[in-house]
Structures are given as C-alpha cells and as structure tokens.
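Observations on chain architecture
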Amino acid sequence: GVAGSALATVRAQAAGAALILGGSYAGPQRRRYGLRAFATVRWPLLRDILSVGRPSGLGDFLEVGAGMGFQLIVGRLGEVALAASNIGMQATQLLFLPGFAFGLAGASYIGRFLGAGLPRIARHTALRVLFLGVGYMGLLGVPLWFLGEELARLFTADERVVQQAGLMFKVMALYQAFDGMGFITRTALSGAGDTRLPMPAPAVCA
C-alpha cells in the first residue's frame, strides 16, 4: 500500500546514498580527489560555493513547488486523472535521465574550457551538447506519441486510466524537446558559474 511504497522509497534513497559515500571514501576515489571525512572549513571557498549554489537551490525549490501545485490540481480532477498523471511522471522521469546526463556533461566541459581561457570552444561545446541532447529528447517523444497506451498498460489494467495516460503521453511527447532544451541550457549556465539568470525560469514557465 501507500505506507509500504513510502518506506521502500526511503530505503532505496538511503541505500543509494550509502553506496555513493562508501564508493567515494573507501575506494580509489578517496586518494584521487583527496577526500576526507573531516576537514578545515575554507571560508572563501564556502562563500563561492554558496553564491553559486543558493540561486540554483532556490530555482529547484520553485520548480518542485510548482510540480506539487500541479499534482494538487490534478488530484482534484479525480482518481483516474491522478493515476494517469503518476504513470506519466514515472515514465518521463526515466526517459529524462540521459538528457540530465547531457546537461551535466555540458556543464563540466564548459567550466573546464572557460577556466582554460577558451570561451569560443566553451560556446561551441554548449551548442553541440544542446543539439545532441534536444535531438535525443525529441526522438524519445516518438514512442510516447505512438505507444502511449501500451506503455500505460505496463502499470495498470484499468482501461480508463490507460486511455487518459495515452492522451497525456501525446502532450508529453510534444514537450520532450523543450524540456531537454530548458534543462540543458540551465545546467550549462551553471557550469559557466551563472545560476542567477536561470533561477526564476522554471517557476515562471511552470
């Protein structure tokens, strides 16, 4: 039931965090990056991290808040609409993971090239990553459009939910490319050290 699902989610998140920490501090990554469990705080570095991290965190908070508001609206439409919406969210979160990876890779390269004093190469890299990522996300919209109901049947046998989920997948198919475009550009800007410009964008667009 709901309680079991919530408990399983918490356990899965905790296990994932433990694996990351264990792999970082008990393996070769510890020597490679000089990781220590306890270290002296470097206040200038902490200020720099917060100046970049606070706008990014606030943007994420606004985006999650908008998503919660959307779910509250959908919940008032009835159980069928809410079930269809949950199916759509599960599917698109899975499909979005490689697009997420494109954005992080772009941010890493852009930060590296800007740090090396090569802004033209950084810009070219950003455009290339954007082209690849948006193309990938757009292609993923094709099965969502044509196979939406079949995908929904992997989650439920209720034909009312399947029908609504199929219609919703068509809408999601159309916004896949735009979703990828927004995330990749926002993440690329963070690699350049600019998190203030993209901070309000998710909330405004939502």
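Use the structure listed above.
Predicted, not measured: the structure shown is a model, and the values here were computed from it.

**Notes on the overall build of the protein**
- Helices and strands together make up the secondary structure of the protein, namely 8 helices and 0 strands.
- When the helices and strands of the protein are read in sequence order from the N terminus, they spell out α-α-α-α-α-α-α-α.
- Counting only C-alpha atoms and orienting by the principal axes, one finds that the protein spans roughly 55 × 40 × 30 Å.
- Counting over 206 residues, the protein shows a buried share of 23%.
- Once local pairs closer than 6 in sequence are excluded, the contacts in the protein between residues at least 24 apart make up 70%.
- Of the roughly 14100 Å² of accessible surface on the protein, a fraction of 68% belongs to carbon and sulfur atoms.
- One way to put it: in the protein the 18 positive side-chain charges average out to a point 18 Å from where the 10 negative ones average out.

**Quick notes on the packing of helix α4 (residues 79-115) against helix α5 (residues 119-146)**
- Look at α4 against α5: their axes get within 9 Å of each other, and the N-to-C directions meet at 175°. In terms of their interaxial angle, α4 and α5 are classed as roughly antiparallel. On α5, the residues touching L95, F96, P98, G99, F102, G106, Y109, I110, F113 and L114 of α4 are P119, I121, A122, T125, A126, V129, L132, G133, Y136, M137, L140 and L144.
- A breakdown of the residues in the contact of α4 with α5 according to their chemical character gives 18 nonpolar, 4 polar and no charged.

**Describing the side chain of S85**
- By the secondary structure assignment, S85 is in helix α4.
- Those residues in contact with S85 that lie beyond four places of it in its chain are F70, Q71, V74 and M168.

**Topic: the side chain of T195**
- The residue T195 is located in the loop between α7 (159-191) and α8 (201-205) in this model.
- Since its relative accessible area comes to 6%, T195 is described here as buried.
- Within the local environment of T195, its side chain forms a polar contact with the backbone oxygen of V52, the two atoms lying 2.8 Å apart.

Calculation rules
- Residues numbered from 1 in each chain as written.
- Predicted model: local features only at pLDDT ≥ 70, side-chain atom pairs only at ≥ 80, totals over all residues.
- Heavy atoms only, no water.
- Helix = DSSP H or I, 4+ residues; strand = E, 2+ residues; numbered from the N terminus.
- Buried < 20%, exposed > 50% of the residue type's maximum accessible area, 1.4 Å probe, protein only.
- Contact = heavy atoms within 4.5 Å.
- Areas by Shrake-Rupley, 256 points an atom, 1.4 Å probe, with all protein chains shown as cover.
- Lys, Arg positive; Asp, Glu negative; His and termini not counted.
- Charge placed at Lys NZ, Arg CZ, Asp CG, Glu CD.
- Axes fitted to C-alpha atoms, helices over the stretch in contact; angles between N-to-C directions.
- Parallel < 35°, antiparallel > 145°, perpendicular 65-115°, else oblique.
- Nonpolar A, V, L, I, M, F, W, Y, C, P; charged D, E, K, R; others polar.
- Polar contact = N/O pair within 3.5 Å; in protein donor to acceptor, adjacent residues only side chain to side chain.

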